[in-house]
Amino acid sequence: MAMHITNLYGMNPRGTQIIAQQNVVKIARELGFIEMGLYHYPVECDTQGELRKRLDGITSAVGDGDLVIVQLPSWNLTAYDKALLDVLRLHKDIKIAVFIHDVITMMFEGAPQERLLEIIEVYNMADLVIVPSEPMLNFLCQKGLTVEKVLIQSMWDLPFEEELKTPEFQRRIFFSGNPKRFGFVSSWHYDVPLHLYTYEDYKVEGQNIHYGGWKNTTELLLEYSSGGFGLIWEQTAPASYYKYHQPHKLSTYLAAGIPVIVQKGLAREQAIIDYGLGFSVNSAQEAADIVKNITEDEYQTLVENIKNISFLISGGFFTKKLLIDTVNYLLLS
Ligand SMILES: O=c1ccn([C@@H]2O[C@H](COP(=O)(O)OP(=O)(O)O)[C@@H](O)[C@H]2O)c(=O)[nH]1
């Protein structure tokens, strides 16, 4: 019996979609998974026959009784995801887990309800689903998710081997994300600097913004670990997605060892408070006030609290555990 996991290629390699899927696969390989590469392309150009031939090639290493983790979305059409699972299901005793990274219809405004139902139908073809949060699980169940075996992802990992220095006390806030998605950036006018990293060209509109352009993972972690706070905020529209979403930036800040400030009501708020990793706030003004008023001792206490979780994230432990739990759950019950 072999274990397979899909991996996404062909999209902007700076996008979180690619970074997250490739990091999961990096960790899965260490556990003996075989990579199944999926290419992002205009699926509508394929005839049914061409798509089937393509999928036969992609799944050629899969045999009867194997276990496959499909990371979704593939960012191709839902019809492609369904066709992939259909082809996998042709194998006798195959075990399929769908690892839900994002639900595309929830991310963009005006997406028709039927599309969400089509996506959930694909999830329902799996023996197990991995969801990004409990609110997401509840939402999907209300909309028709029927898969009984479910695991909830606790955190993204950011496998990273280099030693980072302990962050120094700095009154500044880091934010990584596209300002077109996160409108609060353009109205930043507080007397605490906001250091922004994004691959989108950004004409600085807010005040006290230091635009750092794009950094690769190593560069970003080095910037963050020089000291400050990491901000996690809701996207502008639709303004509810981050109540369900597992934010990648949370792990990036914690991997670098810096405390975080999260907007109240977002999916990871409680964990941040329970583990003493930072603060939750109602407004950007409140975030700036915390950074202005915190003492150096209080900052260092937070940095100490974060050391263990930082070790787990850079060592890939959350994903290893999730993948091992997936295999055990699929094979033993
Ligand atoms: O200069 C940059 C800016 C962003 N990122 C990555 O992009 C993520 C944030 O992107 P996004 O807002 O799409 O992800 P989210 O946090 O919403 O999951 C960060 O965690 C980084 O992994 C990066 O590597 N370099």
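On a predicted model such as this, the values are computed, not experimentally measured, just so you know.

Scoring rules and cut-offs
- Residues numbered from 1 in each chain as written.
- Predicted model: local features only at pLDDT ≥ 70, side-chain atom pairs only at ≥ 80, totals over all residues.
- Heavy atoms only, no water.
- Helix = DSSP H or I, 4+ residues; strand = E, 2+ residues; numbered from the N terminus.
- Rg over C-alpha atoms; globule rule 2.2 N^0.38 Å.
- Buried < 20%, exposed > 50% of the residue type's maximum accessible area, 1.4 Å probe, protein only.
- Contact = heavy atoms within 4.5 Å.
- Areas by Shrake-Rupley, 256 points an atom, 1.4 Å probe, with all protein chains shown as cover.
- Lys, Arg positive; Asp, Glu negative; His and termini not counted.
- Charge placed at Lys NZ, Arg CZ, Asp CG, Glu CD.
- UniProt positions renumbered as here; feature names shortened; annotations may be inferred.
- Patch = residues over 30% accessible without salt bridge, like charges linked within 9 Å, V, L, I, M, F, W, Y side chains within 5 Å.
- Salt bridge = Lys/Arg side-chain N within 4 Å of Asp/Glu carboxyl O.
- Near = heavy atom within 4 Å.
- Polar contact = N/O pair within 3.5 Å; in protein donor to acceptor, adjacent residues only side chain to side chain.
- Nonpolar A, V, L, I, M, F, W, Y, C, P; charged D, E, K, R; others polar.
- Phe/Tyr/Trp six-rings, centres within 6.5 Å; stacked < 30°, edge-to-face > 60°.
- Lys NZ or Arg CZ within 6 Å of the ring centre and 35° of its normal.

**A closer look at the overall build of the chain**
No. 1: Looking only at helices and strands, one finds twelve helices and twelve strands in the chain.
No. 2: Its C-alpha atoms give the chain a radius of gyration of 20 Å, near enough to 20 Å, the size a compact globule of 333 residues would have.
No. 3: Seen through its principal axes, the chain has C-alpha atoms that stretch 60 × 40 × 35 Å.
No. 4: The burial tally for the chain puts 56% of its 333 residues in the buried class.
No. 5: Residue pairs at least 24 apart in sequence account for 67% of intrachain contacts in the chain once pairs closer than 6 positions are excluded.
No. 6: As displayed, the chain has an accessible area near 14,700 Å², and 50% of this comes from carbon and sulfur atoms.
No. 7: In the chain, 28 side chains carry a positive charge and 40 a negative one; their mean positions are 2 Å apart.

**What about the UniProt feature "domain: Glucosyltransferase 3-like C-terminal" (unreviewed entry) in the chain?**
No. 1: Those residues carrying the UniProt feature "domain: Glucosyltransferase 3-like C-terminal" (unreviewed entry) are residues 173–325 in this numbering.
No. 2: This span, residues 173–325, is 40% helix and 15% strand, and a straight line between its end C-alpha atoms measures 36 Å.

**Some details on a nonpolar patch on the surface**
No. 1: On the surface, Met1, Leu331 and Leu332 cluster together into a nonpolar patch covering about 350 Å² of accessible area.
No. 2: By relative accessible area, Leu332 is classed as exposed at 71%.

**Examining the site of the ligand**
No. 1: Taken together, 16 residues are adjacent to the ligand, and Lys215, Tyr242, His248, Lys249 and Thr252 come closest.
No. 2: Take Lys249: an N or O atom from its side chain is 2.8 Å from an oxygen atom of the ligand.
No. 3: One nitrogen or oxygen atom from the side chain of Thr252 is found 2.8 Å from an oxygen atom belonging to the ligand.
No. 4: A total of 540 Å² of accessible area belongs to the ligand in isolation, and the protein chains cover 93% of it.
No. 5: By residue number, the principal contributor to the shell around the ligand is helix α8 (residues 248–256), which donates three residues.
No. 6: Broken down by class, the residue content of the shell around the ligand amounts to six nonpolar, seven polar and three charged.

**Focus on the packing of aromatic side chains**
No. 1: Summed over the entire model, instances satisfying the criterion amount to 19 aromatic pairs.
No. 2: Look at Phe184 and Trp233: their rings are 5.5 Å apart centre to centre, the planes differ by 45°, and that puts the pair in the tilted class. In this pair, Phe184 is assigned in the loop between β7 (173–176) and β8 (194–197) and Trp233 in the loop between β10 (229–232) and α8, connecting sequence segments 49 residues apart. Accessibility classification places Phe184 together with Trp233 in one group, the buried group.
No. 3: With a centroid separation of 5.8 Å and 70° between ring planes, the pair formed by Tyr202 and Tyr211 is classed as edge-to-face.
No. 4: For Tyr211, a relative accessible area of 32% corresponds to the partly exposed category.
No. 5: Every member of this aromatic cluster is reached through a ring pair, and the members are Phe175, Phe182, Phe184, Trp188, Tyr190, Trp233, Tyr241 and Tyr242.
No. 6: The positively charged end of Lys320 is found above the aromatic ring belonging to Phe317, 4.7 Å away from the centroid.

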